[in-house]
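Reading the structure
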Amino acid sequence: DTSSSVNAPVQGAAMGKIKTRQHRAGNKVVPKQRTVSGRKWRGDLTKSSSKIKSVPRKTFEEKMAEKRRVQAAKELEAEIKAKEKEVRVTAAKRREAKKKRKEEAALRSGTFQVITKTTKINKWNSKAKRQLLKMSAEQIESVLKKKYHKEL
């Protein structure tokens, strides 16, 4: 009688498809088996807490060595960032100085006209108003002095 046996296969309608079953008996490890579809129906029956591996603790010296290594890496990173910032700042200063020189050269090379009647400026179109350069008397003197100083 096959139905009384625990580990006996269950007879299907077709002889080609036989499903096997095994039950847990106490602490007995049940072997991995596959169903007809090929899926494993029962894995290793170990407790999940025993699957977790404990990591050995670090000694104080190892912790300190790790801390020193991380600190050195942070210092190196800060040093590199400072150098990059210094390069950016010097490049910005260079660009600013070049822009200033270019503006001064444009002022020296251009021809100027002093407008005494400023009431007509309101009738100008907006593009002409944008091109208008407003300068104080000291600025005009310094530009003229530089312009004539270069010609001498």
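These numbers were taken from a predicted model, which means no experiment stands behind them.

Definitions and cut-offs
Residues numbered from 1 in each chain as written. Predicted model: local features only at pLDDT ≥ 70, side-chain atom pairs only at ≥ 80, totals over all residues. Heavy atoms only, no water. Helix = DSSP H or I, 4+ residues; strand = E, 2+ residues; numbered from the N terminus. Buried < 20%, exposed > 50% of the residue type's maximum accessible area, 1.4 Å probe, protein only. Contact = heavy atoms within 4.5 Å. Areas by Shrake-Rupley, 256 points an atom, 1.4 Å probe, with all protein chains shown as cover. 1 Å grid on protein atoms, 1.4 Å probe; cavity = no way out; pocket = protein on both sides within 12 Å on 5 of 7 lines; lining within 4 Å. Points joined across faces, edges and corners; volume = space filled by probe spheres on them. Nonpolar A, V, L, I, M, F, W, Y, C, P; charged D, E, K, R; others polar. pLDDT = per-residue confidence, 0-100. Salt bridge = Lys/Arg side-chain N within 4 Å of Asp/Glu carboxyl O.

**Focus: the overall build of the protein**
Along its length, the protein carries 4 helices and 2 strands. Secondary structure elements of the protein, listed N to C terminal, follow the sequence β-β-α-α-α-α. Across the 152 residues in the protein, those meeting the buried criterion constitute 5%. Of the contacts formed within the protein by residues at least 6 apart in sequence, a portion of 15% connects residues at least 24 apart. In the structure as shown, the protein presents an accessible area of about 14,800 Å², 55% of it carried by carbon and sulfur atoms.

**Some details on the layout of surface pockets**
Here the largest pocket is characterised by a volume of approximately 490 Å³. Surrounding the largest pocket, 17 residues form its lining, Phe112, Gln113, Val114, Ile115 and Leu133 being those nearest its centre. Put simply, the parts of the chain that give the lining of the largest pocket at least two residues each are α3 (126-131) and α4 (137-151). No other element matches the 3 residues that α4 contributes to the lining of the largest pocket. Partitioning the lining of the largest pocket into residue classes produces 12 nonpolar, 4 polar and 1 charged. Within this model, the second largest pocket holds a volume of roughly 170 Å³. The wall of the second largest pocket is formed by Glu104, Leu107, Arg108, Leu133, Lys134, Met135, Gln139, Ser142, Val143 and Lys146.

**Overview of the confidence of the model for the protein**
Looking at the protein as a whole, the pLDDT averages 77, with 66% of positions reaching at least 70. In the model of the protein, strand β1 (residues 33-34) stands out as the element of lowest mean pLDDT, 64, in contrast to helix α2 (residues 60-109), which has the highest, 94. Every residue in residues 1-5 scores below 50 in pLDDT, and together they form 1 contact with partners more than four places removed in sequence or on other chains. The low-confidence segment residues 10-14, where pLDDT is below 50, has 4 contacts with residues more than four positions distant or belonging to other chains.

**What about the pattern of salt bridges?**
This structure, assessed with the given rule, holds 2 salt bridges. Where Glu66 meets Arg69, a salt bridge forms, and the shortest distance between an N and an O atom there is 2.7 Å. Pair noted here: Glu66 and Arg69 are both in helix α2, with a separation of 3 residues, about one helical turn. Classification of Arg69 as exposed rests on a relative accessible area of 52%. For Lys81, the salt bridge identified is with Glu77, shortest N-O distance 4.0 Å. In this pair, Lys81 and Glu77 both sit in helix α2, 4 residues apart, roughly one turn of the helix. Take Lys81: its relative accessible area is 52%, and that puts it in the exposed class.

**So, the environment of Val143**
You can see Val143 is positioned in helix α4. We classify Val143 as buried; its relative accessible area is 11%. Expressed as a C-alpha distance, the spacing of Val143 and Leu107, which sit 36 residues apart in the sequence, is 7.1 Å. With residues near it in sequence (within four places) discarded, Val143 still touches Leu107, Phe112 and Met135.

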